[in-house]
Amino acid sequence: IINVTSSEDNLPLANEFQVYPNPTSGQIYLASEQLTKAAYEVKIIDQRGSLIKTLQVNNYSDHQLLNISGLPVGLYSILISNGKTQTLKRIVIQ
């Protein structure tokens, strides 16, 4: 179980990433100019704090398509980390 208690505004990369569309039905884009500079790990966490999926972003695109199809309808947290800093975004799957 992962403890996700920080607000988006308190994390260093919070304003550097956008996650869209939100709500979604199975695919999201992770957008940031910072993606071209480093590899990132993206964790999908459910409302209970359980880690559902881990994705690696290594192809250095400023708009990365992430396939999250197959997840049940609900609210999820997206934890984006580059090993030094992290940010938290929330998405709704319809």
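The structure displayed is predicted, hence computed values, not measured ones. (Residues numbered from 1 in each chain as written. Predicted model: local features only at pLDDT ≥ 70, side-chain atom pairs only at ≥ 80, totals over all residues. Heavy atoms only, no water.)

(A) Region of the structure containing the overall build of the protein chain. Scanning the protein chain from terminus to terminus reveals 0 helices and 7 strands. Relative to its 94 residues, the protein chain shows a buried fraction of 36%. Of the contacts formed within the protein chain by residues at least 6 apart in sequence, a portion of 56% connects residues at least 24 apart. Looking at the protein chain as shown, the accessible area adds up to about 5,400 Å², and 45% of this sits on carbon and sulfur atoms. (Helix = DSSP H or I, 4+ residues; strand = E, 2+ residues; numbered from the N terminus. Buried < 20%, exposed > 50% of the residue type's maximum accessible area, 1.4 Å probe, protein only. Contact = heavy atoms within 4.5 Å. Areas by Shrake-Rupley, 256 points an atom, 1.4 Å probe, with all protein chains shown as cover.)

(B) Structural view of the environment of leucine 79. With respect to the helices and strands, leucine 79 occurs in strand E6 (residues 74-81). Sequence separation between leucine 79 and lysine 43 is 36 residues, and the spatial gap between their C-alpha atoms is 5.0 Å.

(C) Structural detail: the nonpolar core. Counting residues in hydrophobic clusters, the biggest one holds 17 residues, and the most contacted among them are Leu30, Val42 and Ile91. Every element with two or more residues in this core is listed here: strand E2 (27-31), strand E3 (40-45), strand E4 (51-57), E6 and strand E7 (86-93). If we skip the residues at most four places from it in the chain, isoleucine 91 touches Val19, Asn22, Ile28, Ile68, Gly74, Leu75, Tyr76 and Ile78. (Core = buried A, V, L, I, M, F, W, Y, C linked by side-chain atoms within 4.5 Å.)

(D) Focus on the packing of aromatic side chains. Inspection of the entire model under this criterion finds 2 aromatic pairs. Between tyrosine 20 and tyrosine 29, the aromatic rings sit 5.5 Å apart at their centres with planes inclined by 20 degrees, giving stacked as the arrangement. (Phe/Tyr/Trp six-rings, centres within 6.5 Å; stacked < 30°, edge-to-face > 60°.)

(E) Region of the structure containing unusual backbone geometry. The residue after tyrosine 20, namely proline 21, is reached through a cis peptide bond having omega -10 degrees. For proline 21, the position within the fold is in the loop between strand E1 (18-20) and E2. Of the consecutive residues asparagine 22 and proline 23, the connecting peptide bond is found in the cis state with omega at 10 degrees. Looking at the element boundaries, proline 23 is found in the loop between E1 and E2.

(F) Structural detail: the pattern of salt bridges. Taken as a whole and judged by the stated rule, the model has 2 salt bridges. In this structure, glutamate 41 and lysine 43 form a salt bridge, with 3.7 Å as the shortest nitrogen-oxygen distance. Judged by relative accessible area, which is 24%, lysine 43 ranks as partly exposed. The salt bridge involving aspartate 46 is made with arginine 48; its shortest N-O contact spans 3.0 Å. Residue aspartate 46 is classed as buried on the basis of its relative accessible area of 12%. Here arginine 48 falls in the exposed class, since its relative accessible area comes to 65%. (Salt bridge = Lys/Arg side-chain N within 4 Å of Asp/Glu carboxyl O.)

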